[in-house]
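Coordinate inspection notes
Letter by letter, the chains look like this.
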Amino acid sequence: MLIQVISDIHGSFADLQTAVDSFAVRKPDVLLLCGDFLNHGPRNDLPAGYDTKATAALLNAHKDKIICVRGNCDSEVDQMMLEFPCLNAYTNLFFPAHTDGDCAAADGALHTNGDAPRGDGFCCNGRIFVHHGHLYDRAQFRAWLPRGTLVVSGHTHVTVLEADDALFYLNPGSISIPKCADGKTCALIETDKAGIKKISIITLDGREVRSVQW
């Protein structure tokens, strides 16, 4: 299975169209959206190609593939425009767990870009916890989630792919209003019968920023 992770669209139809079109050839099975769908937010400038109605229509056209959570800029008005449930604070996805030994370090020293991950018996357990990023923190995740959970979020518009205290963290950045040097990005999560196989952060023009694989 291939999961395309998109966050912080903020009503940019142009960037959403690019994100969908650029990865269509890979035929993602799921579009995992981390919130902030239509509203640009009072702290942000209007993104290029801002068109809330067209953005909603494009998302609705892919509703059969969408799993999502609400962002801090999403409300009941957005739900009126979107034909899929978009106001849940978090969701979970479950896949087979790795059982083949050491996978990654628990101290943040996660090897990326094709290098073999360094191990202390710390592997993806097959669970993906998804939230936007404004309600929960890492202390709560350490108390709530089992070792090896992949925590996916957006909100900051800054890309993250790291291990920290026996959990994995992924932030795909923003496709419309990036706030880091990586630019406009999304992410891909690839799974197979053994579990999560590869996680990549990729720019909208196809450049792989960083990745980790098992």
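This section reports on the structure supplied with the text. This is a predicted model, so every value here is computed, not measured. (Residues numbered from 1 in each chain as written. Predicted model: local features only at pLDDT ≥ 70, side-chain atom pairs only at ≥ 80, totals over all residues. Heavy atoms only, no water.)

1. Observations regarding the overall build of the protein chain
This is how the line gets drawn: In this text, helices come from DSSP runs of H or I with a minimum length of four residues, and strands from runs of E with a minimum of two, each type numbered from the N-terminal end. Each residue's exposure class comes from its accessible area (1.4 Å probe, protein chains only) as a fraction of the maximum for that residue type: buried when under 20%, exposed when over 50%, partly exposed otherwise. Contacts between residues were defined by any pair of non-hydrogen atoms, one from each residue, lying within 4.5 Å. Each accessible area is a Shrake-Rupley estimate made with a 1.4 Å probe; only the visible protein chains count as cover when residues are assessed.
Each helix and strand counted, the protein chain has four helices and eleven strands in total. A burial count over the protein chain gives 50% of its 214 residues as buried. Here the analysis covers contacts within the protein chain between residues at least 6 apart in sequence; of these, 60% occur between residues at least 24 apart. Within the structure as shown, the protein chain displays about 9300 Å² of accessible surface, and the carbon and sulfur contribution to it stands at 50%.

2. Let's talk about the side chain of Ser211
Defined as follows: Under this definition, polar contacts are N or O atom pairs within 3.5 Å; protein pairs additionally need one hydrogen-donor-capable and one acceptor-capable atom, and for neighbouring residues in sequence, both atoms have to be side-chain atoms.
Along the chain, Ser211 turns up in strand β11 (residues 208-213). Of the polar contacts made by the side chain of Ser211, one reaches the side chain of Glu208; its length is 2.9 Å.

3. Looking at helix α1 (residues 13-22)
Each full turn of the α-helix corresponds to 3.6 residues, which orients residues three or four apart in the same direction. Here is the rule: Note that the arc is defined by the directions from the helix axis to the C-beta atoms.
For α1, the full list of buried residues reads Asp15, Leu16, Ala19 and Val20. One side of α1 holds all its buried residues, which, seen down the axis, span an arc of 130°. Looking at the buried residues of α1, the elements they touch are β1 (2-6) and α2 (52-61).

4. Here's the deal with the pattern of salt bridges
This is how it is decided: Should a side-chain nitrogen of Lys or Arg be within 4 Å of a carboxyl oxygen of Asp or Glu, the pair is scored as a salt bridge.
Counted according to the given criterion, the structure contains seven salt bridges. Between Glu83 and Lys63 there is a salt bridge, with its nearest N and O atoms 3.3 Å apart. Taken together, the residues Glu83 in the loop between α3 (76-81) and β4 (90-94) and Lys63 in the loop between α2 and β3 (66-68) connect sequence positions 20 residues apart. The partner of Glu208 in a salt bridge is Lys198, and the shortest N-O contact between them spans 3.5 Å. Taken together, the residues Glu208 in strand β11 and Lys198 in strand β10 (residues 195-203) connect sequence positions ten residues apart. Each member of the salt-bridge network shares a partner with another, and the members are Arg138, Glu162 and Asp164.

5. Here's the deal with a nonpolar patch on the surface
Selection rule: Put simply, a patch holds well-exposed residues, over 30% relative accessible area, that have no salt bridge, with like charges counted together within 9 Å and Val, Leu, Ile, Met, Phe, Trp or Tyr side chains within 5 Å.
On the surface, Val77, Met80 and Met81 cluster together into a nonpolar patch covering about 320 Å² of accessible area. Summarising the element assignment, Met80 is placed in helix α3. Using a relative accessible area of 72% as the deciding quantity, one classes Met80 as exposed.

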